[in-house]
Amino acid sequence: MKNLIVVALSLILFSCSATKNVRTKEKIIKGNWTLNKIAYSKTGDYKVTMFNDSPKECFEGSSWKFVPNNNSGTYDINNTNCVNGERDFIFVVQEIDAVSGYYDFLLKPKNNENNVGYRLQLTELSETTMQWKQYLNVDGTQFIININFTKQ
């Protein structure tokens, strides 16, 4: 019985530490960011529509705001060659591996008629920079989209 109690308490403490790590990441994410650059893992001319919204060129230079206490945010596309305006989204940060520091990041635009969300990997996060990676399969090979932000 004593061993069962020790195991139960260990599980509770372990699960709380994962939640604490996610909360720490959310505190860093909170605020205003600029999406600086989107790069691909392979060279070539790819026509990628980001988040079923606009081409990558429209997202570069866009302003993002994250509000972790209600898992919501907005991004504002302000490129003269694109459909401009503010879009709402919800997001969830989930820890994958505390050792590597990688987290799953789910982004779901609110005005999405297909109710689709996008799973990304949060691979870098500091007080000034953030990087997401989206892994896709293109013609049977892995294709990675790197999305880089700086905090405003």
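Report on the accompanying structure. Note that the structure is predicted; figures quoted are calculated from it, not measured. (Residues numbered from 1 in each chain as written. Predicted model: local features only at pLDDT ≥ 70, side-chain atom pairs only at ≥ 80, totals over all residues. Heavy atoms only, no water.)

## Here's the deal with the overall build of the protein
Working step 1: In terms of regular secondary structure, the protein is built from two helices and 10 strands.
Working step 2: From first element to last, N terminus to C terminus, the protein shows the α and β order α-β-β-β-α-β-β-β-β-β-β-β.
Working step 3: Put simply, the protein has 152 residues, and 36% of those count as buried.
Working step 4: Considering only residue pairs separated by 6 or more positions, the protein has 43% of its internal contacts joining residues 24 or more positions apart. (Helix = DSSP H or I, 4+ residues; strand = E, 2+ residues; numbered from the N terminus. Buried < 20%, exposed > 50% of the residue type's maximum accessible area, 1.4 Å probe, protein only. Contact = heavy atoms within 4.5 Å.)

## Re the state of the cysteines
Working step 1: Summed over all chains, the structure comprises one disulfide.
Working step 2: Covalently, C58 is tied to C82 through a disulfide, its sulfur atoms 1.9 Å apart. Residues C58 and C82 are joined by a disulfide whose S-S torsion is about -85°; by sign, that bridge is left-handed. Of this pair, C58 sits in helix α2 (residues 56-59) while C82 is found in the loop between β5 (72-77) and β6 (85-97), placing the two residues 24 residues apart along the sequence. (Disulfide = S-S within 2.5 Å.)

## Some remarks on the side chain of T34
Working step 1: By the element assignment, T34 lies in strand β1 (residues 31-40).
Working step 2: Residue contacts for T34: discarding those within four places in its chain leaves G61, S62, N148, F149, T150 and Q152.

## Re the side chain of Q121
Working step 1: Topologically, Q121 is positioned in strand β8 (residues 118-125).
Working step 2: With near-sequence residues (within four places) excluded, Q121 lies in contact with I96, Y102, Y103, Q131, W132, K133 and Y135.

## Quick word on the sheet that holds strand β10 (residues 141-151)
Working step 1: The strand order around the closed barrel formed by eight strands is β1-β4-β5-β6-β7-β8-β9-β10, and the pairing between neighbours is antiparallel. Across the sheet, the mean angle separating the axes of adjacent strands is 35° when strand polarity is ignored.
Working step 2: Summarising the sheet, β1 and strand β4 (residues 63-67) pair through four bridges and their orientation is antiparallel. Opposite W33, over in β4, you have W64 as the bridge partner. (Pairing = 2+ DSSP bridges. Axes fitted to C-alpha atoms, helices over the stretch in contact; angles between N-to-C directions.)

## Digging into the packing of aromatic side chains
Working step 1: Inspection of every chain in the model, using the stated rule, returns 22 aromatic pairs.
Working step 2: Between W64 and W132, the ring centres sit 5.6 Å apart and the planes meet at 90°, which makes this aromatic pair edge-to-face. Of this pair, W64 sits in strand β4 while W132 sits in strand β9 (residues 129-138), and the two are 68 residues apart along the sequence.
Working step 3: On the basis of relative accessible area, W132 is assigned to the buried category, the value being 0%.
Working step 4: Above the plane of the ring of Y40 lies K56, whose end atom (NZ or CZ) is 5.5 Å from the centre. (Phe/Tyr/Trp six-rings, centres within 6.5 Å; stacked < 30°, edge-to-face > 60°. Lys NZ or Arg CZ within 6 Å of the ring centre and 35° of its normal.)

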